[in-house]
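Take a look at the letters that make up each chain.
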Amino acid sequence: GAGLMIRTFQQLSRVEVGFRDPQEVQTFQITIPFATVGDPGLVARRQSDILDRIGAIPGVTDVAFTSRLPMGGGFSMTDLLFPEGKSFSQSDRPKPRHFRFISPRLFETLRIPVVAGRDLTWTDVFERRPVVLVSENLARAEWGGPQQAIGKRLRGSSAADQWREIVGVIGDVRDSEVREPPRELVYFPVLVERIFNNPTYVWPFVTYVIRSPRTGTPGFLDEIRQAVWTIDSDLPLANVRTMGDVL
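Residues numbered from 1 in each chain as written. Predicted model: local features only at pLDDT ≥ 70, side-chain atom pairs only at ≥ 80, totals over all residues. Heavy atoms only, no water.

Draft legend 1. Layout of the environment of N137. Mapped onto the secondary structure, N137 falls in helix α6 (residues 136–143). Overall, N137 belongs to the buried group, its relative accessible area being 16%. Along the sequence, N137 and R183 sit 46 residues apart, while their C-alpha atoms lie 7.9 Å from each other. Every residue in contact with N137, bar those within four places of it in the chain, is listed here: D172, P182, R183, E184 and L185. (Helix = DSSP H or I, 4+ residues; strand = E, 2+ residues; numbered from the N terminus. Buried < 20%, exposed > 50% of the residue type's maximum accessible area, 1.4 Å probe, protein only. Contact = heavy atoms within 4.5 Å.)

The following block contains the structure:
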C-alpha cells in the first residue's frame, strides 16, 4: 500500500500542469470594496496601481492578478457560452464553460504560453474593449483550432451580454487538480461592459501573482505589504502562499 501511494505521488508530480516554476511565484488575495470606491473604473485603476508598486520592488520580474488561481481552490464560476453564428435548440443547449477575470501579463507571469493571437493590454481594460481570450482546448472544441478561433465572437447567457472578439488563445492549464484534465476556460478583462446584466462590471477580489527569485522570504513579503499599503493602508493581504504551496 505504501509503495502504491509513493508511485502514485511520483506519477502525479510529473503531470504537465500548464504553468512553470511555481516555487518562484508569490501569491496573495486582496479585496477592494466597491462601496468604498463607488466606480468600477476606479476599482480597476486601484488594482493596476498596486501592480505598478509591486512591480517596482527589487527582484520582481512579472506581476499580474486573476479572479482564481489555477488549482487554487474556491468557487469556479461558469456560464453558458454562445459562439456567434451557431444556433441551439432547447434540447441542444451550449454547455457551461468556466471563466476568469484577469489582468494583462497573467500568462507571462505564470509562464503559460499564448498559443495564438495576443495577450490583453491595459488599453483593452481601461477603454473597455469587447475582447476575450480562450483556452486552447476550448478553441479546438468550438472552432477547430487556435488560429481558427482568432477573430471569432462569443457572449454569455444573457441576451444583453456584449459580443466579444477572441484576440488570444492560451495554453491549457490544469485548473482544478492534477488528476483532472484541463478545463475549457474563458478569460475576461477585469473591467468589462454589458455582462451579467450590468452596464459596467469589475471583479473586486483578486489574487496577485508575483514572479521573483525572492519568493517566500520574509523580507520580500514585508516589501509587498508596504507596496500595497502605499495605495491603501486598510487593505489586508489574505491567503499568502507560493504557487509551489498551491501545487
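Draft legend 2. Layout of the confidence of the model for the protein. Residues with a pLDDT of 70 or more make up 94% of the protein, whose mean pLDDT is 90. Element-level mean pLDDT values for the protein span from 68 in helix α2 (residues 34–37) up to 98 in strand β9 (residues 164–170). (pLDDT = per-residue confidence, 0-100.)

Draft legend 3. View of empty space enclosed by the protein. Tallied over the entire structure, the rule returns two cavities of 30 Å³ or more. Estimated volume of the largest cavity: approximately 100 Å³. Lining the largest cavity are 13 residues, and of these D79, L80, F99, G156 and F188 sit closest to its centre. Counting only elements with at least two residues in the lining of the largest cavity, the list comes to β3 (78–80), β5 (96–102), β8 (153–155) and β10 (185–189). Taken together, the residues that form the lining of the largest cavity break down as eight nonpolar, one polar and four charged. Looking at the second largest cavity, its volume works out to about 80 Å³. Forming the walls of the second largest cavity are 13 residues, and the residues nearest its centre are T66, R68, P70, L106 and Y187. Elements with a contribution of two residues or more to the lining of the second largest cavity: β5, α4 (106–110) and β10. Residue contributions to the lining of the second largest cavity peak at three residues, all from α4. Looking at the lining of the second largest cavity, its residues break down into nine nonpolar, one polar and three charged. (1 Å grid on protein atoms, 1.4 Å probe; cavity = no way out; pocket = protein on both sides within 12 Å on 5 of 7 lines; lining within 4 Å. Points joined across faces, edges and corners; volume = space filled by probe spheres on them. Nonpolar A, V, L, I, M, F, W, Y, C, P; charged D, E, K, R; others polar.)

Draft legend 4. Molecular detail of unusual backbone geometry. Not every positive phi belongs to a glycine, and M71 is a case in point at roughly 60 degrees. Tracing the backbone through its elements, the reader meets M71 in the loop between β2 (62–66) and β3. The exposure class of M71 is buried, given its relative accessible area of 11%. The backbone phi angle of R105 is positive, close to 75 degrees, even though this residue is not glycine. One can find R105 in the loop between β5 and α4. According to the relative accessible area criterion, R105 is partly exposed, its value standing at 42%.

Draft legend 5. Spatial organisation of the packing of aromatic side chains. The tally for this structure, following the rule as stated, stands at 15 aromatic pairs. When the centroid spacing of 5.8 Å and the interplanar angle of 90 degrees are considered together, the rings of F99 and F101 count as edge-to-face. Taken together, a centroid distance of 5.7 Å and an interplanar angle of 40 degrees make the contact between F99 and F196 tilted. Of this pair, F99 sits in strand β5 while F196 sits in the loop between β11 (191–195) and β12 (198–202), and the two are 97 residues apart along the sequence. Overall, the relative accessible area of 4% leaves F99 in the buried class. The exposure class of F196 is partly exposed, given its relative accessible area of 29%. Joined through ring pairs, the aromatic side chains of F99, F101, F188, F196, Y201, W203 and F205 make up one cluster. (Phe/Tyr/Trp six-rings, centres within 6.5 Å; stacked < 30°, edge-to-face > 60°.)

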